[in-house]
Amino acid sequence: MGLLELKNVSKTFGQGINKNEVLSDINLSVEDGEFVAIVGFSGSGKTTLINLINGLLFPDNGEVLLNGAPITGPGPDRGMIFQNYSLLPWLSVYSNVKLAVDEVFRKLSKKEKDAHIRKYIDMVNLTPAVDKKPSELSGGMRQRVSVARTLAINPSILLMDEPLSALDALTRGTLQQEILKIWNHEKKTVILITNDVDEGILMADRIIPLTPGPKATLGPEFKVTIERPRDVTQLNQNPEYKRLRNDILEYLIDVGATRKQVSDQKYILPELKPVMPGRVVFGSRRKKEAVKYF
């Protein structure tokens, strides 16, 4: 049994003709200390999947288990790093992290809390900016605060919902390396949601594609056997990286094309035949009830 398990999970939104089955038959097992990346197309249901794990949503069918017990809601055992930074703008770096620590570690003394907070601020290299407000920080620095705040509650599982997608390439690469360094030190279980295959190969132990929706499900897993630590510049020369990248992209392209063909079949326009200016007849029968006027 893995630390986290999803068994035959499905999730639907809406009712009646507006019913949309976003996820279908999701099965996933994640081991303690493992780094798993879920990759897929925009709108395929990646955020819905992560919200089922963090307890913000609940499956219509199947079950989500943590340490063998059903997840019944959000909890400090699952730390979430969002795509937007989710910082309180009127609080400093220190106070934003302290807010989470105060909630989870209420029994710690003031001195112990202070040392705990500063440990994680230093871990993300933000000690010089400890008293600054979010408006005084760059996008990359704000995301570091988010990482520090999440790690400071000492979660069993670290959930990341495309946390670096809004950053420029240079900042994104730097923060990827910092997250990997922290992960290697903390050995947290990590689930990363991303649409960047290269990011998945750089960071994860396994990459699992999520097929396009509706009724998105998990595809075959791709194990990343490239030795750690991984360097972006060296990866580009690595034959295993090239093979793995091509295999994942080929799968995503193929499954995307297949789903598009199925989707296109749902929207077949009726045969249109002109009769005279201002009128169009639907179908081959030119009956009065089939005539539409503009």
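Residues numbered from 1 in each chain as written. Predicted model: local features only at pLDDT ≥ 70, side-chain atom pairs only at ≥ 80, totals over all residues. Heavy atoms only, no water.

Undergrad: Explain empty space enclosed by the protein to me, please; I cannot follow it from the model alone.
TA: The probe, sized like a water molecule, is rolled over the atoms to show the empty space still left. Across all of its chains, the model carries one cavity of 30 Å³ or more by this definition. Here the element with the most residues in the lining of the largest cavity is helix α5 (residues 169-186); it accounts for three residues. (1 Å grid on protein atoms, 1.4 Å probe; cavity = no way out; pocket = protein on both sides within 12 Å on 5 of 7 lines; lining within 4 Å. Points joined across faces, edges and corners; volume = space filled by probe spheres on them. Helix = DSSP H or I, 4+ residues; strand = E, 2+ residues; numbered from the N terminus.)

Undergrad: So what exactly am I meant to see when it comes to the confidence of the model for the protein here?
TA: In regions of low pLDDT, the predicted coordinates are not meant to be interpreted in detail. With 87% of its residues at a pLDDT of 70 or more, the protein has an overall mean of 85. When mean pLDDT is taken per element in the protein, strand β10 (residues 222-223) scores highest with 96 and strand β13 (residues 291-293) scores lowest with 40. Taken as a whole, residues 278-294 scores under 50 in pLDDT and shows 32 contacts with residues more than four places along the chain or in a different chain. (pLDDT = per-residue confidence, 0-100. Contact = heavy atoms within 4.5 Å.)

Undergrad: I keep staring at α5 and nothing clicks. Help me out?
TA: Side chains of residues three or four places apart in an α-helix project in the same direction, reflecting 3.6 residues per turn. Taking 1.5 Å per residue as the helical rise, α5 with its 18 residues ought to reach 26 Å, and the 25 Å between its terminal C-alpha atoms agrees with that figure. Within the span of α5, buried status applies to Arg172, Leu175, Gln176, Glu178, Ile179, Leu180, Ile182, Trp183 and Glu186. Looking at the buried side of α5, the elements it contacts are β3 (35-40), α3 (110-123), α4 (139-152), β7 (157-161), β8 (189-194) and α6 (197-203). Two or three places before Leu170, at the opening of α5, Asp168 has a side-chain oxygen 3.2 Å from that residue's backbone nitrogen. (Expected span 1.5 Å × (residues − 1). Buried < 20%, exposed > 50% of the residue type's maximum accessible area, 1.4 Å probe, protein only. Polar contact = N/O pair within 3.5 Å; in protein donor to acceptor, adjacent residues only side chain to side chain.)

Undergrad: Is there a simple way to think about the layout of surface pockets in this case?
TA: Put simply, the largest pocket is a space of about 390 Å³. Lining the largest pocket are 16 residues, with Gly75, Arg78, Gly79, Met80 and Ile153 positioned closest to its centre. Every element with two or more residues in the lining of the largest pocket is listed here: β6 (78-81), α2 (93-104) and α4. Counting residues per element, the lining of the largest pocket draws most heavily on α2, at four residues. Of the residues assigned to the lining of the largest pocket, the class counts are nine nonpolar, four polar and three charged. Taken as a whole, the second largest pocket encloses approximately 220 Å³ of empty space. Together, Ala169, Arg172, Gly173, Gln176, Asp196, Asp198, Glu199, Leu202, Val232, Leu235, Asn236 and Tyr241 line the second largest pocket. Ranked by the residues each element gives to the lining of the second largest pocket, the list is headed by α5, at four residues. Its residues placed into classes, the lining of the second largest pocket shows five nonpolar, three polar and four charged. (Nonpolar A, V, L, I, M, F, W, Y, C, P; charged D, E, K, R; others polar.)

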